[in-house]
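Descriptive analysis of the structure
What follows is each chain in one-letter form.
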Amino acid sequence: MSGRDEGVAVVTGGTRGIGAAIAERLRGDGWTVATLGRSEAADVRADVADPAEVQAAFDEVRERFGKILALVNNAGITADGLAIRMPDEDWTRVIDTNLNGAFHCTKRGLDDMLKARWGRIVNISSVVAERANPGQANYVASKAGLLGFTRVIAREMGKRGITCNAVTPGVIDTEMTHDLAGDLKSAVPAGRVGTPEEVAAAVSFLVGDDAAYINGATLAVDGGLGA
Ligand code: NDP
């Protein structure tokens, strides 16, 4: 079977930036897509950090759109600052959204995939997950955690036709990076920042039929920044 013919792809944080490009790309691939976010622009509204809201949102997706056979955990935030001065609330908010949010959504998203014995999960991590980025202890911890989570889900679900992979974008031109210092951007070997569409192309591949044997992998889309 092919998931896109029978199921729905949920893209968290699909209202703007990378998530919006992923949603558009998957629609172009033939998927029915449901975007999930806090703002009105989302197809279904939910804060991924809130387990009850996530449960209600996934129930709503199934009712309005159909069974969920692909999930892209893309919703993410930053709240930068040196660890020693980081407010506890900033640490918790970032981990709650970027890491715990992916857990809540994955747990609720697996039901239909298990029944279908076919599923695709893609977690949007970051190039900083495998490096140190001073000023981003909360963000780096969340994105590194996401890579570990990806590998475990891959092992737990691998026998059931479900794959779970991660994408690690580098510096991508979205609202999140508009204020970023020029020296980080100029450190990219490709000599430019990436586009949301370039990340979406990698997600499209991992969600597609050709990626059936790729499981627990991390695919960098960073212009060489993490090399
Ligand atoms: P944006 O800030 O442009 O978009 C973030 C998206 O996440 C929005 O759609 C927002 O929707 C949603 N979101 C944020 N918090 C929540 C929440 N609690 N619940 C539900 N949705 C939420 O970010 P980008 O497009 O740049 O980033 C997308 C992902 O890619 C993030 O995980 C980010 O960490 C990662 N990434 C980005 C890079 C970059 O250079 N831009 C580099 C590496 C990784 P709403 O406001 O409606 O809730």
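Residues numbered from 1 in each chain as written. Predicted model: local features only at pLDDT ≥ 70, side-chain atom pairs only at ≥ 80, totals over all residues.

Examining the overall build of the protein
Note the cut-off: Segments assigned H or I by DSSP are reported as helices when at least four residues long, segments assigned E as strands when at least two residues long, and all are numbered from the N terminus. Here the globule rule reads 2.2 Å times residues to the power 0.38, and the radius of gyration is calculated from C-alpha atoms. Partly exposed residues are those whose C-beta has more than 12 but fewer than 20 other C-beta atoms within 10 Å; 20 or more makes a residue buried and 12 or fewer makes it exposed, with C-beta atoms placed from the backbone. Once C-beta atoms have been placed from the backbone, residue pairs whose C-beta atoms lie within 7 Å are recorded as contacts.
Secondary structure assignment for the protein yields 7 helices and 7 strands. On C-alpha atoms alone, the protein measures out to a radius of gyration of 17 Å, which is about the 17 Å that the 2.2 N^0.38 rule sets for 227 residues. Principal-axis analysis of the C-alpha atoms gives the protein an extent of 45 × 35 × 35 Å. A buried classification covers 45% of the 227 residues belonging to the protein. Nonlocal contacts in the protein, meaning residues at least 24 apart in sequence, comprise 71% of its contacts between residues at least 6 apart.

Concerning the site of the ligand
What counts, and what does not: For each residue, a C-beta position is placed from the backbone atoms; the residue is near a molecule or strand when that point lies within 6 Å of it. Classification convention: Asp, Glu, Lys, Arg as charged; Ala, Val, Leu, Ile, Met, Phe, Trp, Tyr, Cys, Pro as nonpolar; all other residues, Gly among them, as polar.
Among the 28 residues in the neighbourhood of the ligand, the closest are listed as Gly13, Gly17, Gly37, Arg38 and Gly76. Looking at which element gives the most residues to the shell around the ligand, the answer is helix α2 (residues 17–28), with 3 residues. A class-by-class count of the residues in the shell around the ligand yields 11 nonpolar, 13 polar and 4 charged.

Digging into the UniProt feature "domain: Ketoreductase" (unreviewed entry) in the protein
Let me state the cut-off plainly: UniProt positions are given in the numbering used here, feature names are shortened, and annotations may be inferred rather than shown by experiment.
UniProt marks residues 7–175 with the feature "domain: Ketoreductase" (unreviewed entry), using the numbering shown here. The straight-line gap between the two end C-alpha atoms of residues 7–175 is 30 Å; of that span, 45% is helix and 20% is strand.

Here we look at the environment of Arg131
Mapped onto the fold, Arg131 is located in the loop between β5 (119–124) and α5 (137–157). Accessibility expressed as a C-beta count within 10 Å gives 11 for Arg131, which makes it exposed. Between the C-alpha atoms of Arg131 and Ala144, which are 13 residues apart in sequence, the distance is 9.0 Å.

Considerations on the confidence of the model for the protein
This is how the line gets drawn: The predictor rates its confidence in each residue with pLDDT, a number between 0 and 100.
Across the protein, the average pLDDT comes to 96, with 99% of residues at or above 70. This complex was scored by the predictor with a pTM of 0.98 and an ipTM of 0.99.

Focus: the packing of helix α4 (residues 88–116) against α5
Our working rule: Axis definition: a line fit to C-alpha positions, over the contact stretch in the case of helices; interaxial angles, taken between N-to-C directions, run 0 to 180 degrees. Any angle that falls under 35 degrees is termed roughly parallel, while one over 145 is termed roughly antiparallel, one within 65 to 115 roughly perpendicular, and all others oblique. Handedness of each helix crossing follows the sense of rotation of the near helix against the far helix: counterclockwise by less than a right angle gives left-handed, clockwise gives right-handed.
Running from N to C, α4 and α5 cross one another at 15 degrees; their axes reach a closest spacing of 8 Å. Compared by their axis directions, α4 and α5 come out roughly parallel. Between α4 and α5 the crossing geometry is right-handed. For the pair α4 and α5, the contacting residues are Asp90, Trp91, Val94, Ile95, Asn98, Leu99, Ala102, Phe103 and Thr106 in the first and Asn138, Tyr139, Ala141, Ser142, Lys143, Gly145, Leu146, Phe149 and Ile153 in the second. Residue composition of the contact of α4 with α5, grouped by class: 11 nonpolar, 5 polar and 2 charged.

Structural notes on the nonpolar core
Put simply, the rule reads: Here, a nonpolar core means buried Ala, Val, Leu, Ile, Met, Phe, Trp, Tyr and Cys residues linked by C-beta atoms lying within 7 Å of one another.
The biggest cluster of nonpolar side chains holds 61 residues, and the ones touching the most others in it are Ala9, Val10, Ile22, Val72, Val199 and Val203. Residues within four places of Val203 in sequence aside, it is in contact with Ile22, Arg25, Val72, Val122 and Val167.

Describing the sheet that holds strand β2 (residues 32–37)
Which entries qualify depends on this criterion: If DSSP finds at least two bridges between two strands, the strands pair.
If you walk across this open sheet you meet the 7 strands as β3-β2-β1-β4-β5-β6-β7, and the pairing is parallel. Edge strands, defined here as strands with exactly one partner in the open sheet, are β3 (44–45) and β7 (218–221). One ladder, built from 6 bridges, connects β5 with strand β6 (residues 162–169); its direction is parallel. Residue pairing in the sheet places Arg120 in a bridge with Thr163 of β6.

Focus: the pairing of strand β4 (residues 68–73)
Counting buried positions along β4 yields 6 of 6 residues, so the element is predominantly enclosed. Of the strand pairs in this sheet, strand β1 (residues 8–12) and β4 are connected by 4 bridges, and their pairing is parallel. Among the inter-strand pairings, Val11 is bridged to a residue of β4, identified as Val72. Of the strand pairs in this sheet, β4 and β5 are connected by 4 bridges, and their pairing is parallel. The residue bridging Asn73 from the neighbouring strand is Asn123, located in β5.

Observations concerning α4
Under the convention used in this document: Multiplying one less than the number of residues by 1.5 Å gives the expected span of a helix. The angle between axes fitted to the seven residues ending at a residue and the seven residues starting there is what we call the bend at that residue.
Compared with an ideal rise of 1.5 Å per residue, which puts 29 residues at 42 Å, α4 spans 41 Å between its outermost C-alpha atoms and is within 8% of the ideal. Of all bends in α4, the biggest is about 40 degrees, found at Asn100. Immediately downstream of α4, the backbone of Arg117 shows phi near 50 degrees, a positive value.

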